[in-house]
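Summary of the model geometry
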Amino acid sequence: MGKIKIALIKEGKVPKDKRVALTPYQARQVMERFPEVDLVAQTSDIRCFTDQDYLNEGIHVVDTVDDCDILLGVKEVPIPNLIANKTYFFFSHTIKKQPYNQPLIREVISKKIRLIDYETLTDETGKRIIAFGRWAGIVGAYNGIWTFGKRYNLFDIRRASECFDLEDLKTEYEKVKLPAIKIALTGGGRVAKGAMEVLHGMNIRKVTPAAFIEEQFDYPVFTQLNTRDYHVRKDGGEFSRHEFYDNPELYDADFLKYAKVTDLLIAAAFWDPNSPVLFKREDILKNDFKINIVADITCDIEGSIPSTKKPSTIEDPVYDYNPSDNEVESAFTDEGNITVMAVDNLPCELPRDASESFGNELLNNVLPELLSDDSREVIKRATITAGGDLTPVYEYLRDYVNGELK
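Here's what I pulled together on the structure shown here. Note that the structure is a prediction, hence the values are computed from the model and not measured.

Here the focus is the overall build of the protein. If you tally the helices and strands in the protein, you get 13 helices and 18 strands. Radius of gyration (C-alpha) of the protein: 22 Å, near the 22 Å computed for a compact globule of 406 residues. Buried residues in the protein amount to 54% of all 406 residues. Relative to all contacts within the protein whose residues are 6 or more apart in sequence, the contacts with residues 24 or more apart total 67%. Accessible surface computed for the protein: about 18,300 Å², of which carbon and sulfur atoms make up 47%. Once the 51 positive and 67 negative side-chain charges of the protein are each reduced to a mean point, those two points are 1 Å apart.

So this is what it looks like as structure tokens:
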């Protein structure tokens, strides 16, 4: 039996993504740990590691990957680049029935591709085993602070994308001089924890949600808000975390009590479209609504935060939202606007660190399952399509694939 041939493919999506699924060193580790594998890297002038970096680790660099069995990418593969009858790993952004990727999943099925989505790789308890979330949190929080400094001309720090790596980024922290502002951070997962690394690194003190609302401070503070902190049961009953995630329609948002005292909102919580939104446009128009900067790491367009009208880019990271006219304007246009940071590929700003962390999880948590009998069904649970159709787990996408969504 011949070897299993795996390829690191060149990222083709625009805007460019410099991340890789495996660093050169990790690629060599794959070859050493799994003798049945032959791993190559498709030539690329985009990724944060050069072709020569891979060659230095003994990894062949190739022009085409047509002869490979398993193709590892990061972002969605452009439809013209898809190769029929292959196994692909990438973030497909289809499991929420995202309209813009409907053509992608239809083409994947048409070409009988086995699609395994990183976002759906979980253990037996449903916990994700591979993600870029921590890095989204780190860069998102940093960008939020950068935006605050820019809006009020308080300090000048480099963009995260201008830093070589996380250690280089940390050298900017001491330049941050904040007034006594209040920062609200939503979420409790990897993204929120990454954001807290930055806030703690900048010596911003954490306070309880109650103190955040009730007390005044003469130094900058932040509070971490979990779902129970800003949701209430419609019938007045007790909050249940499991019930909220299973039946979010039973709950209303109770976020406005925080919006009245918050200067900067860092949104790092997963949002289900069936869940209540944090606040509405009419709330922003009220005199007691205080938030003037939103760092929306989740970047759910027209989602839980009405000011997130579009994604921003690494090159142009912020824009203003004019709540009076419900329109997007140039950044820092008017003091009555909300300034929004909604970069949708935040880990790309620290691609070397993000790739190394992601690659370690791929190497230790995913490839052993892929290259064995998948006894824990990690690969099976994450396989969206196979053999020219949806797999049973993802049958709920049928109307999406058939174009029946209204």
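Summarising the element assignment, isoleucine 305 is placed in the loop between strand S13 (293-296) and strand S14 (318-322). Among the residues examined, isoleucine 305 registers a relative accessible area of 0% and is labelled buried.

Another point: the side chain of threonine 122. Looking at the element boundaries, threonine 122 is found in the loop between strand S6 (114-117) and helix H4 (133-151). Apart from residues lying up to four places away in sequence, threonine 122 is in contact with Lys127, Arg128, Ile129, Val378 and Arg381.

Glancing now at the packing of aromatic side chains. With the rule as written, the count across this model stands at 19 aromatic pairs. Seen in terms of ring centroids, phenylalanine 91 and tyrosine 118 are 5.1 Å apart; in terms of plane orientation they differ by 55 degrees. Their pairing is tilted. One end of the pair, phenylalanine 91, is in the loop between strand S5 (87-90) and helix H3 (102-110); the other, tyrosine 118, is in the loop between S6 and H4, with 27 residues separating them in the sequence. The two residues phenylalanine 91 and tyrosine 118 agree in class, both being buried. These aromatic residues form a ring-pair network of at least three members: Phe89, Phe91, Tyr118, Phe132 and Phe358. Between the NZ or CZ atom of arginine 134 and the centre of the ring of tryptophan 135, over which it lies, the distance is 4.6 Å.

Strand order across the open sheet formed by eight strands is S3-S2-S1-S4-S5-S6-S17-S18, with mixed pairing between neighbours. On the outer flanks of this sheet lie strand S3 (60-62) and strand S18 (389-390), each paired with one strand and no other. One ladder, built from three bridges, connects strand S1 (residues 4-8) with strand S4 (residues 70-72); its direction is parallel. The partner of alanine 7 across the bridge, within S4, is leucine 71. Along the sheet, H3 makes contact with S5, S6, strand S17 (383-386) and S18, crossing S17 at roughly 50 degrees.

A few words now on helix H11 (residues 351-370). An ideal rise of 1.5 Å per residue puts 28 Å on 20 residues; H11 reaches only 25 Å between its terminal C-alpha atoms. By the largest-angle criterion, leucine 363 marks the main kink of H11, which is about 40 degrees.

Judged from the four bridges that link them, S5 and S6 form a sheet pairing that is parallel. Note on S6: the bridge partner recorded for tyrosine 88 is leucine 115.

Turning next to H4. With 19 residues, H4 ought to run about 27 Å at 1.5 Å a step, and its terminal C-alpha atoms sit 26 Å apart, in line with that. Of all 19 residues in H4, 17 are buried, a share of seventy percent or more. A positive backbone phi angle near 50 degrees is found at asparagine 153, which sits one or two residues after H4.

To continue, consider the environment of isoleucine 157. Structurally, isoleucine 157 can be placed in the loop between H4 and helix H5 (166-170). Separated by 19 residues in sequence, isoleucine 157 and valine 176 place their C-alpha atoms 7.5 Å apart. When residues no more than four places from it in sequence are discounted, the contact partners of isoleucine 157 are Tyr142, Trp146, Glu172, Lys175 and Val176.

The eight strands are arranged S8-S9-S7-S12-S13-S16-S14-S15 in an open sheet whose pairing can be described as mixed. Edge positions in the sheet fall to strand S8 (205-206) and strand S15 (327-329), since each of these pairs with one other strand and no more. The pairing of S13 with strand S16 (residues 338-341) spans three bridges and is parallel. Along S16, the bridge assignment pairs isoleucine 293 with threonine 339.

A few words on the nonpolar core. Proteins that are soluble and globular tend to have nonpolar side chains buried together. Core analysis: the largest hydrophobic core is formed by 79 residues, its most contacted members being Leu72, Phe89, Tyr118, Leu121 and Ile145. Counting residues per element, this core draws most heavily on H4, at nine residues. With sequence-adjacent residues up to four places away left out, isoleucine 145 is seen in contact with Phe155, Val176, Leu178, Ile183, Leu199, Met202, Ile204 and Leu264. Grouped together as the second largest cluster of nonpolar side chains are 28 residues, Ala184, Leu225, Leu278 and Ile284 included.

Each value, and the rule that gives it
Residues numbered from 1 in each chain as written. Predicted model: local features only at pLDDT ≥ 70, side-chain atom pairs only at ≥ 80, totals over all residues. Heavy atoms only, no water. Helix = DSSP H or I, 4+ residues; strand = E, 2+ residues; numbered from the N terminus. Rg over C-alpha atoms; globule rule 2.2 N^0.38 Å. Buried < 20%, exposed > 50% of the residue type's maximum accessible area, 1.4 Å probe, protein only. Contact = heavy atoms within 4.5 Å. Areas by Shrake-Rupley, 256 points an atom, 1.4 Å probe, with all protein chains shown as cover. Lys, Arg positive; Asp, Glu negative; His and termini not counted. Charge placed at Lys NZ, Arg CZ, Asp CG, Glu CD. Phe/Tyr/Trp six-rings, centres within 6.5 Å; stacked < 30°, edge-to-face > 60°. Lys NZ or Arg CZ within 6 Å of the ring centre and 35° of its normal. Pairing = 2+ DSSP bridges. Axes fitted to C-alpha atoms, helices over the stretch in contact; angles between N-to-C directions. Expected span 1.5 Å × (residues − 1). Bend = angle between axes of the 7 residues up to and from the residue. Core = buried A, V, L, I, M, F, W, Y, C linked by side-chain atoms within 4.5 Å.

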